[in-house]
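# Coordinate analysis (summary)
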Amino acid sequence: MLTDIGQRRERLAIPGEAYAAFAILALLIAVPLFAGNAAVDKLTTLFVYLLLAVMWNLLAGYAGIVSVGQQAFFGLGGYFAVRLVEAGLPPYWAFFVGALGVAIVAIPISAAILRLKGGELAIALWVLAEVLRLAVMFDPLVQGETGISLLAMNSFDPTFRRNLNYWLGLAAVSGMLVAAYFLLRSKIGLSAKAIRDDEEAAKSIGIDAMRVKQVFFVIAAFGCAIAGMIWLANTITYQPRTNFGIQWTVFMLFMVLVGGLGTFAGPIVGAVVFFLLQEIFGNYGAWYLAGLGLIAILFASMLPGGIMGYVQSKTGFVPFSDGMTQNNRKRP
Amino acid sequence: MSKLVRNAGNGLTRRNLLKGAALGAAALSVPATVRSAFAQGDGTVRVGFIGPRSGPLGIFGEGDSFLVEQVGRHLADGIQSGDRRYGLQLVLGDTQSDPVRAAQVARDMINSENLDLVITSSTPETVNPVADACEAAGMPCLSTTAPWESFYFGRGARPGEPSPFRWTYHFCFGVGNFTRLYADQWSQVETNRRVGILAPNDADGNAIRMMLLPELEAAGFTIIDAGPYENGTTDFTQQINLFRSENCEIFNCFPFPPDFPVFWRQAAQRGYAQQVKVCQMAKAGLFAAELEALGPLGYGLHAGAYWHPLFPFTSSSTGLTCEMLAAAHEGVVGKQWNQQLGANASLLDATVAAIASASDPKDKTAMASALSMLKCDTAVGEIDFTSGPVANCATTGLVGVQWVKAESGPYEFDLNIVSNADHPFVPVTGQMTSYTVQG
């Protein structure tokens, strides 16, 4: 165990992937300077997907929390933003404060809901999302089904707003990726993986399973809330049935399943694949959705490790290794 | 020769290629391509036409490809605006009946299609996200077929305050039209004037509660409101029992359309439908297809209509009278006319009028300014943005109608105009009768 940790610390010093990541980040930061509106807009959507995928992977891939109710925090994030702007906060401040608010709300929720496990937990989270949606719909500001628009966003110049949303999305994605990277290498990250593999055994060696899962849950709630805010900043329209829609969780599930559950790079690959599929085939409506379902089934049955799982087992290359998978693999 | 219509989105060729290859995709794809003999260079006004053309709201866009063909034929020589002639190119976008998709399609088209104007119609779920995208991007937008209150207040405007919208304009009926219409229509048959109200928890439902119900009470009706409920409810026992015990001979509802057949079947099973003399649908009952799904339970149901082939108006963009429009649609598309055909024709009429009146149709500020002062004749009657209820909105009229079993012809249902109190230019075509189960 101790030597394992020693090896992990050593790997942290190897900067190859980090340099590549910085190069990509620098390139992405500069995109609005040379790319057109359409590209900036589409990449912002990709960032929302990336955030969602990374958050769902943290939950399901590392902490063993299979959630079908993450849209609760996506929708709640948007709602808090709408409410805070109504209270007079400038929009971009409202996003930040609102996301923190969602994280705070997620703490008592996690304490109650993480007592459940497996299917019960999944269903409870879905119910939670529906209950939150219904509660939000009772707010007269939201006007039931109809929703409201974040008109404050119209005070910004369109190009400036588009670029600001883009950089906000990029900052959120890179920030959450860095946070996830260090979280997974921390003691809590190791404990989470132990819990995911066998919760009883983890408890028996003194891991506080509840506390560890809570940390992951609250971080994922925060990330999904940020994603919900960026999406709202881009679309402006807030409609409870859309923002609390189950489709957001279905997207997350698809991206993580296709990319590779429990791998660091998996959700990134999955989000890019999903984004491209949507760009190319999205116009087919129902057929496109059926196709997505088929792909998910094929991956689940034939390539359960997803794209990154397959790549890692074939090549042994584990980008941004969390120190566990690769070490295990290298041992005969 | 350039295309008048093409589907929105980049990678057009690739996508069309895939479209041809994908089995069954034809059924879902957006309308056919139409050619026009004009449109050159800067002289072409590009208009994005976004609406639901597939999915649950797909019926709203059923006549769109037909309409666009007619416009292309009628305006083959372009539109005169000032001392110049402009070609018109319509770029179609399909929301797939999904508000998320609607917002995305609108943004994509604004970003990559070099549009001068966006037009959209059919339900707040379509109109609001598209209008928001346009408002945020500084793109002029004209829309119809969503009660104007949903468009205006549903997007965050406040009563009594100046309009927060600079780029988006909307024409449609609103709650005020219902008051005039219902007071007249419900007086045409003998009832106890007790009205059961079924309105969900959404902007329409809340607007009805706040504005319509007090006025109906003032007009001498007794209102029994079953209270807000959730769209998609499958059990209406509580509401039906309330209306039965209160002996509501008039029933008035504003449901999410698929909820109405569920309610009405249960009402018939529980004996409430047998008590009802006037069953007034709003939002539901717009399309014959909905009535056909109800079968004989649908004979004699009452509704309001925003268009009918017997409207005495001409659609300026297609050059057809309302009657010709319906007949041509039935001939070309092979399906019975529907109200949205006329409404979307009026949207195109208003678009052409706005282009004609703009000082420079290629300039967005000039186009928005033309929309704000637009006054023109359309397939649904005159619209006048200078005398709207609020800035950015103009109202249109409603007629009272009754669905009856067709006496002849290929279609099961006919729609009689029984009240014109809200739209006096339209002639009444039949005497309203009480609802009786099974007609």
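Residues numbered from 1 in each chain as written. Chains lettered and ligands numbered in written order. Predicted model: local features only at pLDDT ≥ 70, side-chain atom pairs only at ≥ 80, totals over all residues.

Time to look at the overall build of chain B. Secondary structure summary: chain B contains 13 helices and 21 strands in total. Scored against the burial criterion, the 439 residues of chain B give a buried share of 56%. Across chain B, the fraction of contacts at a sequence separation of at least 24, relative to all contacts at a separation of at least 6, is 74%. (Helix = DSSP H or I, 4+ residues; strand = E, 2+ residues; numbered from the N terminus. Buried ≥ 20, exposed ≤ 12 C-beta atoms within 10 Å, placed from the backbone. Contact = placed C-beta atoms within 7 Å.)

Of the regular secondary structure elements, chain A holds 16 helices and two strands. Here chain A has a C-alpha radius of gyration of 20 Å; the compact-globule value for 332 residues is 20 Å, and the two agree. The principal-axis extent of the C-alpha atoms belonging to chain A is close to 60 × 45 × 40 Å. Relative to its 332 residues, chain A shows a buried fraction of 48%. (Rg over C-alpha atoms; globule rule 2.2 N^0.38 Å.)

Its domain assignment divides chain B into domain 1 (2–173 + 309–394) and domain 2 (176–305 + 398–419). A class-by-class count of the residues in the side of domain 1 of chain B that touches domain 2 of chain B yields six nonpolar, five polar and one charged. (Domains from an automatic or database assignment. Nonpolar A, V, L, I, M, F, W, Y, C, P; charged D, E, K, R; others polar.)

Taken residue by residue, the interface counts 36 residues in chain B and 25 residues in chain A. Counting residues per element, the ones that place at least two in the side of chain B that touches chain A are α3 (99–112), α4 (124–137) and α7 (203–218) of chain B. The residue inventory of the side of chain B that touches chain A, partitioned by class, reads 13 nonpolar, 16 polar and seven charged.

All names here are of chain B. Relative to the helices and strands, Met211 resides in helix α7. With 15 C-beta atoms counted inside 10 Å, the residue Met211 sits in the partly exposed group. Along the primary structure Met211 and Phe287 are separated by 76 residues, whereas in three dimensions their C-alpha atoms are 26 Å apart.

Residue and element names in this part refer to chain A. Summarising the element assignment, Ala122 is placed in helix α6 (residues 118–137). A count of 18 C-beta atoms within 10 Å places Ala122 in the partly exposed class. Separated by 52 residues in the primary sequence, Ala122 and Gln70 have C-alpha atoms spaced 9.8 Å apart.

Packed helix pairs are characterised by how far apart their axes lie and by the angle those axes make with each other. All names here are of chain A. Between helix α4 (residues 71–86) and helix α5 (residues 91–113), the least distance of the axes is 8 Å, while the angle of their chain directions is 130 degrees. Classified by the angle their axes make, α4 and α5 are oblique. For the pair α4 and α5, the sense of crossing is right-handed. Across the interface between the two elements, Phe73, Leu76, Gly77, Phe80, Ala81, Leu84 and Val85 from α4 touch Pro91, Ala94, Phe95, Val97, Gly98, Ala99, Gly101, Val102, Val105 and Ala106 from α5. (Axes fitted to C-alpha atoms, helices over the stretch in contact; angles between N-to-C directions. Parallel < 35°, antiparallel > 145°, perpendicular 65-115°, else oblique. Left-handed = near helix turned anticlockwise from the far one by under 90°.)

All names here are of chain B. Here we have seven strands laid out as an open sheet, ordered β11-β10-β12-β13-β14-β20-β21, and mixed in their pairing. In this open sheet, the two strands that pair with only one neighbour each are β11 (222–225) and β21 (413–419). Averaged over all pairs of adjacent strands, the angle between strand axes in this sheet comes to 30 degrees, irrespective of strand direction. Two elements, strand β20 (residues 399–405) and β21, share six bridges in a ladder whose sense is antiparallel. By the bridge assignment, Gln402 is partnered in β21 with Asn416. Where helix α6 (residues 175–185) meets the sheet, its contacts fall on β13 (278–281), β14 (302–305), β20 and β21, and the angle it forms with β21 comes to roughly 95 degrees. (Pairing = 2+ DSSP bridges.)

Next up on the list: the nonpolar core. Of all hydrophobic cores here, the largest spans 226 residues; its most connected members are Tyr49, Leu51, Leu52 and Phe216 of chain A together with Ala106 and Cys134 of chain B. Of the domains in this structure, domain 1 (2–173 + 309–394) and domain 2 (176–305 + 398–419) of chain B are the two that each give at least three residues to this core. Once residues within four sequence positions are removed from consideration, Leu51 of chain A is found in contact with Ala172, Val173, Met176, Gly223, Ile226 and Ala227 of chain A. (Core = buried A, V, L, I, M, F, W, Y, C linked by C-beta atoms within 7 Å.)

Attention shifts here to the pairing of strand β10 (residues 194–198) of chain B. Residue and element names in this part refer to chain B. Burial runs high along β10: four of the five residues are buried. Relative to β11, β10 runs parallel, the two being bridged by four bridges. Counted as the bridge partner of Arg194 is Thr222 from β11. Bridge analysis of β10 against strand β12 (residues 250–253) gives four bridges, and the strand direction is parallel. Across the sheet, residue Ile197 finds its bridge partner in β12, namely Asn252.

Residue and element names in this part refer to chain B. Positionally, Ala157 belongs in the loop between α5 (148–152) and β9 (168–171). Residue class for Ala157 comes out buried when judged on the 20 C-beta atoms lying within 10 Å of it. Sequence spacing of Ala157 and Val262 is 105 residues, and the spatial spacing of their C-alpha atoms is 34 Å. Beyond its immediate stretch of four places on either side in the chain, Ala157 contacts Tyr152, Ser163, Pro164 and Phe165.

Turning to the confidence of the model for chain B, a few remarks are in order. Residues and elements named next belong to chain B. Residues of chain B with pLDDT of at least 70 account for 90%, and the chain-wide mean is 88. Taking the mean pLDDT of every element in chain B, the minimum, 36, falls on helix α1 (residues 12–21) and the maximum, 98, on β9. Long-range and interchain partners of residues 6–41, a stretch whose pLDDT sits below 50, account for 63 contacts in this model, where long-range means more than four residues apart. For this predicted complex, the interface confidence score (ipTM) comes to 0.79, while the overall pTM stands at 0.84. (pLDDT = per-residue confidence, 0-100.)

Okay, the packing of helix α3 (residues 37–62) of chain A against helix α7 (residues 158–185) of chain A next. All names here are of chain A. One can describe the packing of α3 onto α7 by two numbers: an axis separation of 9 Å at closest approach and a directional angle of 25 degrees. One element, α3, and the other, α7, form an angle in the roughly parallel class. Remark: the crossing between α3 and α7 carries left-handed chirality. Facing α3, whose interface residues are Asn37, Val40, Asp41, Leu43, Thr44, Phe47, Val48, Leu50, Leu51, Val54, Leu58 and Tyr62, α7 presents Arg162, Asn163, Asn165, Tyr166, Gly169, Leu170, Ala172, Val173, Met176, Leu177, Ala180 and Leu184. Tallied by class, the residues present in the contact of α3 with α7 amount to 17 nonpolar, five polar and two charged.

On to α5 of chain A. Residue and element names in this part refer to chain A. The end-to-end C-alpha distance of α5 is 31 Å, a good match for the 33 Å that 23 residues give at a rise of 1.5 Å each. Where α5 bends most, at Ile107, the angle is about 30 degrees, and the proline Pro108 comes one to four residues later. Taken together, the buried positions of α5 are Pro91, Ala94, Phe95, Gly98, Ala99, Gly101, Val102, Ala103, Ala106, Ile109 and Ser110. Lining the buried residues of α5 we find α4, α6 and α10 (209–235). (Expected span 1.5 Å × (residues − 1). Bend = angle between axes of the 7 residues up to and from the residue.)

This next bit is on α6 of chain A. A turn of α-helix holds 3.6 residues, and therefore any two residues three or four places apart point the same way. Residues and elements named next belong to chain A. Here α6 contains 20 residues, and its C-alpha end-to-end distance of 29 Å stays within 8% of the 28 Å for a straight helix at 1.5 Å per residue. Where α6 is concerned, the buried positions are Leu121, Leu125, Ala129, Leu132, Arg133, Val136 and Met137. The buried residues of α6 occupy an angular sector of 160 degrees when projected down its axis, which confines them to one face. In α6, the exposed residues that point more than 90 degrees away from the buried face are Gly119, Glu120 and Val131. Taken together, the buried residues of α6 touch α4, α5 and α11 (240–243). (Arc of directions from axis to C-beta.)

At Ile236 of chain A, a residue that is not glycine, the phi angle is positive and equals roughly 75 degrees. For Ile236 of chain A, a count of 25 C-beta atoms within 10 Å gives the class buried. Despite not being glycine, Asn392 of chain B has its phi angle at roughly 75 degrees, a positive value. Checked against the element boundaries, Asn392 of chain B lands in the loop between β18 (381–384) and β19 (393–394).

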